[in-house]
There are 2 protein chains.
Amino acid sequence: MALKSFIDVHPDSHFPIQNLPYGVFKPQPSSPPRPAVAIGDYVLDLSEIALAGLFDGPILKGSDCFLQLNLNKFVAMGRPAWKEARATLQKLLSSTEPTLRDNASLRQKSLVLMSKVELLVPIAIGDYTDFFSSMHHAKNCGTIFRGPQNPIPANWFHLPIAYHGRASSIVISGTDIVRPRGQGHPTGNSPPYFGPSMKLDFELEMAAVVGPGNELGKPVDVNEAGDHIFGLVLMNDWSARDIQAWEYVPLGPFLGKSFGTTISPWIVTLDALEPFACDAPKQDPQPLPYLAEKISKNYDISLEVQIKPTGQEDSTVVTRSNFKHLYWTLTQQLAHHTINGCNLRPGDLLGTGTISGPEPESYGCLLELTWNGQKPLSLNGATRKFLEDGDEVIFSGFSKGDGYNVGFGTCSGKILPSH
Amino acid sequence: MALKSFIDVHPDSHFPIQNLPYGVFKPQPSSPPRPAVAIGDYVLDLSEIALAGLFDGPILKGSDCFLQLNLNKFVAMGRPAWKEARATLQKLLSSTEPTLRDNASLRQKSLVLMSKVELLVPIAIGDYTDFFSSMHHAKNCGTIFRGPQNPIPANWFHLPIAYHGRASSIVISGTDIVRPRGQGHPTGNSPPYFGPSMKLDFELEMAAVVGPGNELGKPVDVNEAGDHIFGLVLMNDWSARDIQAWEYVPLGPFLGKSFGTTISPWIVTLDALEPFACDAPKQDPQPLPYLAEKISKNYDISLEVQIKPTGQEDSTVVTRSNFKHLYWTLTQQLAHHTINGCNLRPGDLLGTGTISGPEPESYGCLLELTWNGQKPLSLNGATRKFLEDGDEVIFSGFSKGDGYNVGFGTCSGKILPSH
């Protein structure tokens, strides 16, 4: 019989006992942040569970990792601690276990309605890196900007291309995004113009949260890279295409990206996603030995983007994609990142890059969906080439189990006009 | 009469009472880090000065900003606090002030020989950004890689180009640098190779330490940007040219840079550098209004790079440059960085990019000095196209005052072979 919680969880919920994603919340605006897991419509306050002495396994007993303001200390402890915490929490929340179920006082203290609390960025992010791992996205962007001959750069099939992103402007789902101002360039020899971005876009991504790091100068083997990844979140890598197009030669994206990046509040662990592992795409050419994995896997995670245009009550689905479309795996990304000796630290964020699938309905950003504005989208009467002020963009994602979902909730943000 | 300290400071010292740069040190390997200023051959332990109640001005009285493990809290306080601290310390260290001079016990506790202590990265660096602000460097790189027709990209004269760098691998002067491994690409359609970088280079840079930050969505006006900059350090942006050349299209430098970046331990404040301010180069075309400053200034800071080749006792000067060659000013860099709403945080680091002057003897990296290996350098009998294992690279920099220097000390690192 499937594992079941004493807490009533709707079959469509993203947060059954099989998931138990980690986040950080404030019960009151003035409270200090506390680690939690999501269960149904509730958050389970892990500081209360720890203070009650219920993390009684050999690794977590007496640890203060859940008495911190973020999850960094816990994610740094590595997979044995994660597995122990998961086992403890699944037991504690199960329908057959009386410890929490029958303790009204502890339930009262530790279970809080998610709708009543503020969710925060759950980790202190030292460095944020963004990869470019979807072949379909690389091909579409290359075709749009450089034409259909050799749209994918020569290096792309040999290494998971990435750039360093901006950590300071990563915000939690629900945070408004102010339309950035900056320079754009019309064409030819005209001088650049300055003003609010006219090509504001979303990018459908996911991001890995790094667990234990590595020392400077000591690369991580690709076959051990999985032990350095705690879990995944949804990520919207908001992009100003006009700013990006003018600034990015020769040093890459900068102000076209750094005005804001939104992540979902719940980190779904790789352990919870393991039932949804699937083969990664076959790689041709064969990657170099440092990227050649014994087991090369992706995860089957259905992803969806909705836009709620300004002034409308309803949102419209604009794309349906899947994490499994990624060409380069998470473990290859992490191994590549460290092959030069670069050190990762617990809580670092590794974005996948835009996750586009092969069909036009699965493209992961408006640049691709509208082919750089040439084919506007129809949204329940409104049309869009790029995002307008007041538009809200809502990502969701989940893996479908047998009678349950392992989901990420939503990752949303609304565009405010430039000041 | 010039300000003079009761501590004997050699006229060639970089650290007279006119300078008082800030750093962080450990008196013993097991001690917690403490903020300090450099004075002659000594460090003055600011935690002891604070505990003795000698910061008695209206802003710093009772503050715990010097009882921290890094300088972030102090730099976040802004220019009024910096000016008050400087006035307090210049008075305390002056030859005519008895408070510290005549207090043997406090001198004993607070003044430690610099040669006896370990200096640390003095700030927690949330984000590190690297600009590309020397026209000579941009021109030389463009000529080497794309030929002499239009070597400088069209956007370069309109905005201070930059990319996000890697914060985790920033290390303090004296830290060995392990030669990175990675992919390179010979030419044409050959497959990439993998191995230790064969084109390891230094880049002569300086970097600004951000003081007070700005809120996400709220740009900093270029005419107020100076109040957000605490001071400057020397920086070596070590670069693996073969890795960089293969990976950087289309998203910019990544593993060719992220294996290590070295900074000098002492942050020289803009207040100490003010006597050496000079006009910035005239900008043509006129920058857009958000980059047009009422006062556009650089600093006259002489910079020098020496290489001590492996096996040699002596080092050889390979370049002499100057901070004043930069085309884009620090304040323009900072204003541009925030114009899209990107938030800076106290302790963020903004690198200038390689500081090359107009003459070949003033080029700021081996790529330029040896013209991508075509003209090897002669170093006291040895020759170098790029750095070899065991080579040590030593930067120094100072501004020459009337009878004193305001200097940065050195920023050095030695290359270790790949593992």
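All of the points below concern the structure found in this document. (Residues numbered from 1 in each chain as written. Chains lettered and ligands numbered in written order. Predicted model: local features only at pLDDT ≥ 70, side-chain atom pairs only at ≥ 80, totals over all residues. Heavy atoms only, no water.)

1. Some details on the interface of chain A and chain B
Counting from both sides, the interface comprises 54 residues of chain A and, opposite them, 54 residues of chain B. Buried area between chain A and chain B, summed over both chains or domains, comes out near 5,200 Å², and the portion from carbon and sulfur atoms is 63%. Looking only at chain A, the three residues that lose the most surface to chain B are His164(A), Arg166(A) and Leu251(A), adding up to 16% of its buried area. The interface formed by chain A and chain B includes four salt bridges. Two residues, Asp348(A) and Arg166(B), come together in a salt bridge whose shortest N-O distance is 2.7 Å. Secondary-structure elements contributing two or more residues to the side of chain A that touches chain B are strand E6 (128–131), strand E7 (162–164), strand E10 (181–184), helix H7 (241–247) and helix H9 (330–338) of chain A. For the side of chain A that touches chain B, the element with the most residues is E7(A), which contributes three residues. Looking at the side of chain A that touches chain B residue by residue, the class counts come to 30 nonpolar, 17 polar and seven charged. (Contact = heavy atoms within 4.5 Å. Buried area = accessible area lost by both parts, 1.4 Å probe. Salt bridge = Lys/Arg side-chain N within 4 Å of Asp/Glu carboxyl O. Helix = DSSP H or I, 4+ residues; strand = E, 2+ residues; numbered from the N terminus. Nonpolar A, V, L, I, M, F, W, Y, C, P; charged D, E, K, R; others polar.)

2. As for the environment of Leu44(A)
Residues and elements named next belong to chain A. Position of Leu44 relative to the elements: it lies in strand E3 (residues 42–45). In this structure, the C-alpha to C-alpha distance between Leu44 and Asp391, residues 347 residues apart in sequence, is 33 Å. Look past the residues within four positions of Leu44 in its chain and what remains in contact with it is Pro35, Ala36, Val37, Ile39, Ile49, Leu89, Leu93, Leu100, Ser110 and Leu111.

3. Considerations on the relation of the copies chain A and chain B
When chain A is fitted to chain B, the residual RMSD is 0.0 Å, and the transformation amounts to a turn of 180 degrees plus an axial shift of 0.0 Å. Here the two chains are linked by the operation of a two-fold rotation axis. Every residue of chain A has its C-alpha some distance from the rotation axis, and the shortest such distance is that of Gly252(A), at 2.0 Å. (Least-squares fit on C-alpha atoms with pLDDT ≥ 70 in both.)

4. Considering the sheet that holds strand E5 (residues 118–120) of chain B
Residue and element names in this part refer to chain B. In space, the five strands of this open sheet follow the order E4-E3-E2-E1-E5, with antiparallel pairing throughout. Unpaired on one side and paired on the other, strand E4 (111–113) and E5 mark the two borders of the sheet. Averaged over all neighbouring strand pairs, the angle between strand axes comes to 45 degrees, with direction disregarded. Helix H3 (residues 79–93) contacts strand E1 (22–26), strand E2 (34–39) and strand E3 (42–45) of the sheet and is inclined by roughly 65 degrees relative to E1. (Pairing = 2+ DSSP bridges. Axes fitted to C-alpha atoms, helices over the stretch in contact; angles between N-to-C directions.)

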